[in-house]
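What follows is each chain in one-letter form.
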Amino acid sequence: MNFLPPDLAPAYPEIFLLVMVCVVLLADLAAGEKRRYIAYLLAQVALLGCALITFVTSAPGVTYTFSGMFVDDAMADILKLLTYVTVSMVLVYSRGYIAVRGMFSGEYFSLTLFATLGMMVMISASHFLTLYLGLELLSLSLYAMVALRRDSVDATEAAIKYFILGALASGFLLYGMSMVYGATGALHIAQVTAVIQSGAADYTVLVVGLVFIVAGISFKLSAAPFHMWAPDVYQGAPTAVVLFIGSAPKLAAFGFVMRLLVEGMGAMAADWQGMLIILAVMSMIIGNLAAIAQTNIKRMLAYSTISHMGFMLLGIISGDENGYSSSMFYMVVYVLMTLGTFGMIMLLSREGFEAEKLSDFKGLNRRNPWYAFITLLLMFSLAGVPPVVGFYAKLSVLQAVLNAGYIWLAVVAVLFSLVGAFYYLRIVKLMYFDEPETDAPILPAGDVKLLISANGLAVLAFGLFPQALMALCAYAIQQSI
Amino acid sequence: MGFQDIIFYFFATVLVASALGVITARNPVHAALLLVLAFFTCAGLWLLLEAEFLAITLVLVYVGAVMVLFLFVVMMLDINLEHLRKGFWRWFPFGALLALVMAAEMAIVVMGKQFSLDQMPTPPARAADYSNTKELGRLIYTEYVYAFELAAVILLVAIVAAIALTLRHRTGTKFLDPAQQVAVKRADRVRMVSMPSEKKE
């Protein structure tokens, strides 16, 4: 029984982050009430350190470690780097918001970092166990973060709903994985693929497992018909937490889908493509139609998320490298737009006031033309109006679907993104053509001001020059599959 | 039918019956006690599978610690049973129908030959000196060390979250600080006042 100690080098970012979480926990305890910002600074340092380590240790090729439970490849490195950037932006945006609402505590930052660790584990998982454990680490941190504002009835209700439905989804996923394990006798993703390709596994059992896995995944992606939690959680949770839930975990979820469906069960692509088509079409229909009826902007964005997830799935349905990279591009762009939009909602909120109704955007141009312009760019991008980046994201996904030969699917997608354009452009109309309801000044901190401007301009810049980001996504997928 | 089979069927019957009791018992204390019985019987079944370490852990951890704690909580909470049961029978037929349909659908798929005895033959019996505990320890700390560490991190998250969600700093609570009590000086407590004597009226 010889055992070689695992090579820790590919997992240095995860190890560093775990150490830093413990440092944040202890430092916050020692720093006390007055010096809470130390936890914030340490969290940013941790993310920066992770980014440096990931960047320096990134190498072409695929490395496995921890008895093949951990994989380090180009897709993992790129998704992780994007996750750090996203989480760091989330922290900058939410700092002011949580400070005036009594949530600026060490636990907020340590839970954020724990969730980030969970995402990293998911992104580099190559074993059913690690996929599941990473997902649970992420989900448990998120449940706690939603409930962190204990005095708010809405937040508690959202947390309970999120927790129960999330636990149910995890159960689905586990049941599906156990079926696949029963059929193949393997938990390593590479072995599962090998057994399925050899034809030794029982097809019926595999399909039953696949159904449960797809159901679990679509719960986590908030794709219809497993989307019911999203609007309630988005509406009830504190906006800072919604920003977090809506952004970085989507990148991890993309990694999760790639590892589980494409790498693990790629031999059954014909089966899951059929299931995903149903999910994608339902998501686009329900998301876009329900969003029209909303007056709460957070709820509206929840439905918009559902429709965007449907769009993102189109690329995966195409089932080739081009499709996967267009899905990844869509996901990255979606995260960028979500960051800006929720950042703007928090910018308009102030102590004792939540900007969560559509009418709170009325006359923003009169109050501050620059922020109105940034919001205009974000809304155009969400709607998919050229020349901003949302247009290219939609275009590349549609091209992939057309290449795969699903013409009717592309037609449905275009029709419903036209429906979707209505409620995004309604916000633009409210900002530019309506009278403001309040003349309260908008006074963000200096770094938030810079970041939101950069965020809005990035949406425009990537729209004018989308090649670099697209090439990055294509590189990630090519190197890893 | 061998001796092992008799034991298996006996334990399995008790397990299923007690598990049914957990969800049908009116009194939550009874339900918790039946769950203890279910765990205990399950541990017996695991012993038949030569998984003695897991069986003992189940008894020690779940029966010994978790369920006792659970009983405490159930006894301390003042649960209004009538309120919980309201609407149970109204929704029961619908729920039962759904459950039956789902179970039947699953059975059609899974009860086929896929998991039959010739597909999954009995594993060969281990030698007498085979240690399940040692084997588990070896796997957990070598091959599955990454998953093991991740599980530990999840527990840490649970601790952080539980404290963050329940710890409340109340203002205005009255409490004693022993350090300050010990450090007290006479001057803090007694004030010497010199005043001239007064004539009694």
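Report follows, based on the coordinates. (Residues numbered from 1 in each chain as written. Chains lettered and ligands numbered in written order. Predicted model: local features only at pLDDT ≥ 70, side-chain atom pairs only at ≥ 80, totals over all residues. Heavy atoms only, no water.)

A few words now on the overall build of chain A. For chain A, the helix and strand inventory stands at 20 helices and two strands. On C-alpha atoms alone, chain A measures out to a radius of gyration of 22 Å, which is about the 23 Å that the 2.2 N^0.38 rule sets for 481 residues. Projecting the C-alpha coordinates of chain A onto the three principal axes gives extents of approximately 70 × 60 × 40 Å. Residue burial in chain A is summarised as follows: out of 481 residues, 62% are buried. For chain A, restricting intrachain contacts to residue pairs at least 6 apart in sequence, the fraction spanning at least 24 positions comes to 81%. Accessible area of chain A: about 17000 Å², with a carbon and sulfur share of 68%. Distance from the positive charge centre (23 side chains) to the negative charge centre (27 side chains) of chain A: 10 Å. (Helix = DSSP H or I, 4+ residues; strand = E, 2+ residues; numbered from the N terminus. Rg over C-alpha atoms; globule rule 2.2 N^0.38 Å. Buried < 20%, exposed > 50% of the residue type's maximum accessible area, 1.4 Å probe, protein only. Contact = heavy atoms within 4.5 Å. Areas by Shrake-Rupley, 256 points an atom, 1.4 Å probe, with all protein chains shown as cover. Lys, Arg positive; Asp, Glu negative; His and termini not counted. Charge placed at Lys NZ, Arg CZ, Asp CG, Glu CD.)

Moving on, we get to the packing of aromatic side chains. In the structure shown here, the tally under the stated rule is 22 aromatic pairs over all chains. Taking the centre distance of 5.8 Å and the plane angle of 65° together, the rings of Tyr40 of chain A and Phe109 of chain A count as edge-to-face. Residue Tyr40 of chain A is located in helix α2 (residues 37-57), and its partner Phe109 of chain A is located in helix α4 (residues 106-123); the two are separated by 69 residues in the primary sequence. As far as burial versus exposure is concerned, Tyr40 of chain A and Phe109 of chain A are alike and both buried. Arranged with centres 5.2 Å apart and planes meeting at 50°, the rings of Phe39 of chain B and Tyr62 of chain B form a pair that is tilted. In this pair, Phe39 of chain B is assigned in helix α2 (residues 28-48) and Tyr62 of chain B in helix α3 (residues 52-76), connecting sequence segments 23 residues apart. Joined through ring pairs, the aromatic side chains of Phe172, Tyr175, Phe212, Phe219 and Phe226 of chain A make up one cluster. In this structure, Arg350 of chain A is placed above the aromatic ring of Phe353 of chain A, and the distance from its NZ or CZ to the ring centre is 4.4 Å. In this structure, Lys394 of chain A is placed above the aromatic ring of Phe311 of chain A, and the distance from its NZ or CZ to the ring centre is 4.9 Å. (Phe/Tyr/Trp six-rings, centres within 6.5 Å; stacked < 30°, edge-to-face > 60°. Lys NZ or Arg CZ within 6 Å of the ring centre and 35° of its normal.)

We now examine the interface of chain B and chain A. Contact with chain B, which involves 26 residues of that partner, is made by 36 residues of chain A. Buried surface at the junction of chain B and chain A, summed over both partners, amounts to about 2700 Å²; 81% is from carbon and sulfur atoms. Seen at the junction of chain B and chain A, the total is three residue pairs in polar contact (both at pLDDT 80 or more). Per-element tally for the side of chain B that touches chain A: the top contributor is helix α7 (residues 145-166) of chain B, with 13 residues. Of the residues contributing to the side of chain B that touches chain A, the split by class is 19 nonpolar, three polar and four charged. (Buried area = accessible area lost by both parts, 1.4 Å probe. Polar contact = N/O pair within 3.5 Å; in protein donor to acceptor, adjacent residues only side chain to side chain. Nonpolar A, V, L, I, M, F, W, Y, C, P; charged D, E, K, R; others polar.)

Residue and element names in this part refer to chain B. Among the secondary structure elements, Thr41 is positioned in helix α2. A distance of 2.5 Å separates a polar atom in the side chain of Thr41 from the backbone oxygen of Leu37. Discounting residues that sit within four places of it in the chain, Thr41 has contacts with Phe11, Val14 and Leu15.

A word on unusual backbone geometry. Residue and element names in this part refer to chain A. Geometrically, the link from Ala224 to Pro225 is a cis peptide bond, its omega value of 0° lying close to zero. Residues Pro386 and Pro387 are joined by a peptide bond in cis, for which omega reads 10°. Structurally, Pro387 can be placed in the loop between α16 (369-383) and α17 (389-403). Notably, Ser67 is not glycine yet its phi reads approximately 50°, a positive angle. In this fold, Ser67 is placed in the loop between β1 (63-65) and β2 (70-72). Ser67 gets classed as partly exposed once you look at its relative accessible area, which sits at 34%. Unusually for a residue other than glycine, Ser222 sits at a positive phi of about 55°. Residue position: Ser222 is located in the loop between α8 (203-221) and α9 (229-236).

This part covers the packing of helix α3 (residues 74-99) of chain A against α4 of chain A. Residues and elements named next belong to chain A. For the pair α3 and α4, interaxial distance at closest approach is 10 Å and the crossing angle is 165°. Taken together, the axis directions place α3 and α4 in an arrangement best described as roughly antiparallel. For the pair α3 and α4, the crossing hand works out as right-handed. Within the contact between the two elements, α3 uses Ala76, Leu79, Lys80, Thr83, Tyr84, Val87, Leu91, Ser94 and Ile98 and α4 uses Tyr108, Phe109, Thr112, Thr116, Met119, Met120 and Ile123. Among the residues forming the contact of α3 with α4, the class breakdown is 11 nonpolar, four polar and one charged. (Axes fitted to C-alpha atoms, helices over the stretch in contact; angles between N-to-C directions. Parallel < 35°, antiparallel > 145°, perpendicular 65-115°, else oblique. Left-handed = near helix turned anticlockwise from the far one by under 90°.)

Residues and elements named next belong to chain B. Along the polypeptide, Met75 turns up in helix α3. Residue classification places Met75 among the exposed residues on the basis of a relative accessible area of 55%. C-alpha separation for the pair Met75 and Pro28, spaced 47 residues apart in sequence, amounts to 8.5 Å.

Attention now goes to the state of the cysteines. Residue and element names in this part refer to chain A. Within the structure shown, the criterion is met by zero disulfides over all chains. The thiol of Cys22 is unpaired, and the distance to the nearest cysteine sulfur, on Cys50, comes to 13 Å. Residue class for Cys22 comes out partly exposed when judged on its relative accessible area of 32%. (Disulfide = S-S within 2.5 Å.)

The analysis is restricted to geometry; functional conclusions fall outside its scope.
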